[in-house]
Amino acid sequence: MRWVVGVGFQQARDEKDAKDSKDPAEQVSNGASDLVRARNQLLAEHSAHGRATRLEPETLRLALVDLYELWLTTKGHEVGIVDGSGLAIVAVGGLGRREMLPYSDLDLVLLYDDVDPAKVAEVADQLWYPLWDAHIKLDHSVRTVPQALRVAADDLTAALGMLEARHIVGDEGLSNLLISGVRRDWRAGVRSRFDGLIAQAETRWRRSGEIAHRAEPDLKNGRGGLRDIQLLDALAIAQLTDAMPGLGPDVPGGGLKQAQRRLLDVRTELHRVAGRARDQLRAQDADEIGAALRIGDRFDLARTLSDAARTVSYSTDVGLRTAANALPRRGLARLRRMPVRRPLDEGVVEHSGEVVLARDARPQRDPGLILRVAAASAQTGLPMSATTLNRLSEDAPELREPWPKEALNDLLVLLGAGRGTIDAIEALDRTGLWGRLFPEWGVVRDLPPRDAMHTWTVDRHLMEAVAQAGALSTRVARPDLLLVGALLHDIGKGRTEDHSVVGAELATSIGRRLGLWPSDVRTLSAMVRQHLLLPDTATRRDLADPDTVKMVVDALDGDPQLLELLAALAEADSLATGPGVWNDWKASLIGDLVRRCRLSMAGEELPKPDAIPDDLRERAENGGVHVELKPGEGRYTHIVTVVAPDTPGLLSDAAGVLAMHSLRVLSAELASVGASAIDTFVVAPRFGNPPDAGLLRQELIRAINGDLDLVSVLARKEREAGGTQPSPYAQAAPRVLWNETADPGRVLLELRAEDRIGLLSRLAAALAESGANVSWAKVHTLGAAVVDTFCLDLGASDTPERRAEIEAAVLAVVPPQQPKKLPESDTENGSTSVF
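Residues numbered from 1 in each chain as written. Predicted model: local features only at pLDDT ≥ 70, side-chain atom pairs only at ≥ 80, totals over all residues. Heavy atoms only, no water.

Colleague: Can you tell me about the overall build of the chain, naming the residues and giving the values?
Modeller: From N to C terminus, the chain includes 33 helices and 17 strands. Within the chain, buried positions represent 52% of all 835 residues. Long-range contacts, defined as pairs at least 24 residues apart, comprise 70% of the intrachain contacts of the chain with a sequence gap of at least 6. (Helix = DSSP H or I, 4+ residues; strand = E, 2+ residues; numbered from the N terminus. Buried < 20%, exposed > 50% of the residue type's maximum accessible area, 1.4 Å probe, protein only. Contact = heavy atoms within 4.5 Å.)

Colleague: Lay out the sheet that holds strand β8 (residues 348-351) in plain terms, naming residues and giving numbers.
Modeller: One open sheet accounts for three strands, arranged β7-β8-β9; its pairing is antiparallel. The sheet terminates laterally at β7 (342-345) and β9 (354-357), the two strands that pair on one side only. The mean angle between the axes of side-by-side strands here comes to 40 degrees, regardless of whether they run parallel or antiparallel. Pairing of β8 with β9, which is carried by four bridges, proceeds in the antiparallel orientation. When the sheet's bridge partners are listed, E350 is paired in β9 with V355. (Pairing = 2+ DSSP bridges. Axes fitted to C-alpha atoms, helices over the stretch in contact; angles between N-to-C directions.)

Colleague: Got a sec to walk through the pattern of salt bridges? Specific residues and values, please.
Modeller: Any two side chains of opposite charge can pair, so long as their charged atoms come close to each other. Applying the stated criterion across every chain yields a total of 51 salt bridges. Residue R478 pairs with D480 through a salt bridge whose shortest N-O separation is 2.8 Å. When its relative accessible area of 6% is taken as the criterion, D480 is described as buried. We note a salt bridge from R746 to D743, for which the minimum N-O separation is 3.9 Å. What makes D743 partly exposed here is its relative accessible area of 41%. A single salt-bridge network, built from bridges that share partners, covers R262, D307, R310, E426, D429, R430, R445, D446 and D459. (Salt bridge = Lys/Arg side-chain N within 4 Å of Asp/Glu carboxyl O.)

Colleague: Explain helix α22 (residues 499-514) to me, using residue names and the numbers behind them.
Modeller: The end-to-end C-alpha distance of α22 is 21 Å, a good match for the 22 Å that 16 residues give at a rise of 1.5 Å each. Taken across its 16 residues, α22 has 12 buried, putting it largely inside the fold. Considered for burial, the residues of α22 that qualify are H499, S500, V502, G503, A504, L506, A507, T508, I510, G511, R513 and L514. In this structure, the buried residues of α22 make contact with α16 (405-415), α18 (433-437), α21 (479-488) and α23 (518-529). Regarding α22, its N-cap is D498, as a side-chain oxygen of that residue lies 2.9 Å from the backbone nitrogen of S500 further along. Of the residues one or two after α22, G515 is the one with positive phi, at around 90 degrees. (Expected span 1.5 Å × (residues − 1). Polar contact = N/O pair within 3.5 Å; in protein donor to acceptor, adjacent residues only side chain to side chain.)

Colleague: Talk me through the nonpolar core; I want residue IDs and the actual numbers.
Modeller: Of all hydrophobic cores here, the largest spans 94 residues; its most connected members are L411, L414, W434 and F438. Considering each element in turn, this core owes the most residues, 11 residues, to helix α26 (residues 560-577). Contact partners of F438, with chain neighbours within four places excluded, come to W403, L411, L487, I510, R513 and L514. Core analysis: the second largest hydrophobic core is formed by 38 residues, M100, V115, V120 and V123 among them. (Core = buried A, V, L, I, M, F, W, Y, C linked by side-chain atoms within 4.5 Å.)

Colleague: Residues and numbers for the packing of aromatic side chains, please.
Modeller: In this description, a pair of aromatic rings is defined by centroid distance and the angle of the planes. One pass over the structure, following the stated rule, counts four aromatic pairs. Consider the rings of Y129 and W132, whose centres lie 5.0 Å apart with planes at 85 degrees: the pair is edge-to-face. Of the two residues, Y129 and W132 are both situated in helix α6 (residues 117-133); the distance of three residues between them amounts to about one turn of the helix. Owing to a relative accessible area of 42%, Y129 belongs among the partly exposed residues under this scheme. A relative accessible area of 33% places W132 in the partly exposed class. Here W434 and W441 contribute two aromatic rings whose centre-to-centre distance is 5.8 Å and whose plane-to-plane angle is 90 degrees, an arrangement assigned as edge-to-face. Pair check on accessibility: W434 and W441 agree, each one buried. (Phe/Tyr/Trp six-rings, centres within 6.5 Å; stacked < 30°, edge-to-face > 60°.)

Colleague: An account of the pairing of strand β4 (residues 106-112) is requested, with residue identities and associated values reported.
Modeller: In terms of residue burial, β4 counts as a mostly covered element, since seven of its seven residues are buried. Across six bridges, the pairing between β4 and strand β5 (residues 138-143) is parallel. Its bridge partner lying in β5, L106 is registered against L138. Since β4 and β5 lie parallel, the crossover through α6 that links them has a hand, and here it is right-handed. (Right-handed = clockwise from strand over helix to strand, strands pointing away.)

Colleague: Requested: an account of empty space enclosed by the protein, with residues and values cited.
Modeller: A water-sized probe, rolled over the atoms, reveals where empty space remains. Enumeration according to the criterion identifies three cavities of 30 Å³ or more in this entry. Put simply, the largest cavity is a space of about 60 Å³. Residue lining of the largest cavity: G416, G470, S473, P479, L483, E754, L782, A784 and A785, and that is the complete set. Class assignment for the residues of the lining of the largest cavity results in five nonpolar, three polar and one charged. (1 Å grid on protein atoms, 1.4 Å probe; cavity = no way out; pocket = protein on both sides within 12 Å on 5 of 7 lines; lining within 4 Å. Points joined across faces, edges and corners; volume = space filled by probe spheres on them. Nonpolar A, V, L, I, M, F, W, Y, C, P; charged D, E, K, R; others polar.)

Colleague: So what about helix α9 (residues 172-208)? Which residues, and what values?
Modeller: Taking 1.5 Å of rise per residue, the 37 residues of α9 would be expected to cover 54 Å, yet its terminal C-alpha atoms sit only 38 Å apart, more than 12% below that figure. Within α9, the axis deviates most sharply at V190, by approximately 75 degrees. By the N-cap criterion, in which a side-chain oxygen at the helix start approaches the backbone nitrogen of a residue two or three places on, α9 is capped by D171, the distance to G173 being 3.2 Å. Directly beyond the C-terminal end of α9, a positive phi value near 75 degrees is found at G209. (Bend = angle between axes of the 7 residues up to and from the residue.)

Colleague: Any details on the side chain of D410? Residues and values, ideally.
Modeller: Considering the arrangement of structural elements, one finds D410 in helix α16. R372 provides the closest opposite charge to the buried, salt-bridge-free D410, at an N-O distance of 4.8 Å. Residue contacts for D410: discarding those within four places in its chain leaves D345, G368, L371, R372 and A375. (Lys, Arg positive; Asp, Glu negative; His and termini not counted.)

Colleague: Quick rundown of the environment of V413? Include the residues and the values.
Modeller: Here V413 lies in helix α16. Each C-alpha atom, one on V413 and one on G783, is 4.2 Å from the other, the two residues being 370 residues apart in sequence. When near neighbours in sequence (up to four residues on either side) are disregarded, V413 contacts A375, Q379, G783 and A784.

Colleague: I'd like to hear about the packing of α21 against α23, residue by residue, with values.
Modeller: Taken N-terminus to C-terminus, the directions of α21 and α23 make an angle of 45 degrees; their axes are 9 Å apart at the nearest point. The angle between α21 and α23 places the two elements in the oblique class. Every pair of crossing elements has a handedness; the one defined by α21 and α23 is right-handed. Between α21, through L481, L482, V484, G485 and L488, and α23, the contact on the second element is made entirely by D520, T523, L524, M527 and V528. Its residues placed into classes, the contact of α21 with α23 shows seven nonpolar, two polar and one charged. (Parallel < 35°, antiparallel > 145°, perpendicular 65-115°, else oblique. Left-handed = near helix turned anticlockwise from the far one by under 90°.)

Colleague: Run through the environment of V787, naming residues and quoting values.
Modeller: By secondary structure assignment, the location of V787 is in strand β17 (residues 785-793). When the C-alpha positions of V787 and V476 are compared, they lie 9.3 Å apart, and in sequence the two are 311 residues distant. Here V787 is in contact with A477, P479, E750, L751, R752, K778, V779, H780 and L782, once residues within four sequence places are set aside.

Colleague: I'd like to hear about a negative patch on the surface, residue by residue, with values.
Modeller: On the surface, a cluster of negative charge is contributed by D614, D615, E618 and E621. With respect to the element layout, D615 can be found in helix α28 (residues 614-622). Residue classification places D615 among the partly exposed residues on the basis of a relative accessible area of 43%. (Patch = residues over 30% accessible without salt bridge, like charges linked within 9 Å, V, L, I, M, F, W, Y side chains within 5 Å. Areas by Shrake-Rupley, 256 points an atom, 1.4 Å probe, with all protein chains shown as cover. Charge placed at Lys NZ, Arg CZ, Asp CG, Glu CD.)

Colleague: Would you mind going over the confidence of the model for the chain in detail, with residue names and values included?
Modeller: Taken residue by residue, the chain gives an average pLDDT of 85. The fraction at 70 or more is 86%. Here residues 16-30 scores under 50 on pLDDT; set against residues more than four positions off or in separate chains, the count is 11 contacts. Taken together, the stretch residues 818-835 has pLDDT below 50 and engages in 60 contacts with residues farther than four places along the chain or on a different chain. (pLDDT = per-residue confidence, 0-100.)

Take a look at the structure:
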């Protein structure tokens, strides 16, 4: 490569010499034009065997490194920067790392020692001015070694840059003094600078977002980007961690080294496409870059970047934890005892803030150990040790099929742990362990969504749905099926067939593998097959039509348990999709549909549409335009009733006026009496309070008369519309259900709650203290949830007040969890993982 670059460089110099003036001053000012021409030749496409070819990204980067080094070496010799001169050129940044991109800045330090300052200034001018005149971006400094070391000691960013320093030309001993001094000082002072290093990284992540879930990601500064790899390099130089931590033999995507190369390749092509330095990948360039790298279209490129960025992000988390535990101790901290190993589960302990294997654990003989480690991590919020995950990757055998009940229960504990579930599954997946448990996951891993409303990749969406389902687990009698159904509801995506149909087949196979009962396997498969039935029907069909309800009931074979599970899954799925997907309007429609289906399944008469009230009928018969606004059932909902002449466009005008005043229409009912229309809207203000009904009437009359240009007004409001905040998340609150029996005075109390140590004992004591006689009980622990049923013989004391007293006693021993907030999703400016 050096020979090829040298020949191109010499050709460029010959062309320049033939054109340039022989004036020495002019030759100095144009001295880098040959460098620019040689760089352009490397970037240009060439014809070979009848087709255009160009250098591969990695080859191009190495060629550019050779080109710049050759030019700097040649120019350095021309101006007297040679061995023993007391002068040296040191490269930092991309050239220092040997990662030179087409339009990256050239970061150089001119070192000097015992040289006349005037001479140094002259040499610097001869070195910098040709580069400036050739419009090459240059970040430069002129310093002695002590000066450079002081800068590194005072400025964290400068220190990180100098850790990448590399000698180019001149007095190599001088360069080595700087390189070794910076690294020595960095290792000695890393303890005092570590907090600043973390703060700097977190500030960068907040500013640039996550590459894996950003519409136009910053490949350099975003979380999971190239800056994070440089951070790992800095920690490795400090001897606190490995620069390239091993992630296990089955790691998807080839590990950290491959992830780094992919990011560099995409950024290299981004420079080529843009024709200038750029770190943020724009949507309009994604298809071209994907084609140039032979990855595919923008969706394929998004998937590649997601895989790379998540691998880098996970590796960074591991590196920072390892470094924090490896920091040298000072003072009394050096005399403290080693951290205590706290047992968490069979073969699983906590050590130094991480989940690790117990000393007597035998992964080779314990296939369920993977899930116990992950469940302990999810429940405690402690990360799994990288060493532990590597050991499990290498030694743990495959789980036999069907899974033992203990493994299934550990999976349910893992899935029911809320936000901890996401971090634990992500760690398993980045180390190849999750794919070992669920081989079907490979198709949806890092798969970008095709719908812009989706915030996450498909696999991350499934994890988010599980976390949301955990908050709804007490709404259903089978929280275990709800959690597994949430995990698998989109498992069929990434294929050409209907993902619901494919997913149902996969769910059947997975359910059998997990060891579920055949009836539960059928329910799970039906959940995946029908997971869109309720939201699609509720938002697209007339719920007052008996045929609509009959269609849903028939599709579910009249199974009320399946209906209950699908209702909770629909909410979890929507909440996990993105901000605003689940709202009061959608919730009310699905709730109404579920209520109607339950009545049908119970054999009860379905409700009929409400009759038109007499006052509205009389108002419609009298004619004119009337607008009424009154509070709705919800805290922020209102009911707007419009009575006006039934003319074409009335509904459009009425809805437009509501939208103009920032009233969101959640539902609407339309009717007519004679020549008048009666339109009833359930609305919610986007902010503040609704306008006065009189104002709405005036605006409606203007719109009907053609005096109000609603099209222009609404177009402007659409342009000005802002985003929404992410939805809150809380662990499921406990729930008590009462059911009658055929025996008078005997009732069933069903408790749905999260499990805790000694819960059954506490419940029995509470019932005894309340004087309730337990005839029989059935207790079910499903992962992290319990569904406990008690048959209580209350006799003549069975009154609402008595039941309330018992319920209060039961809930007193199952305190509700404090609400938590979901981390803010990276959805600014419509950010998703699709370009």
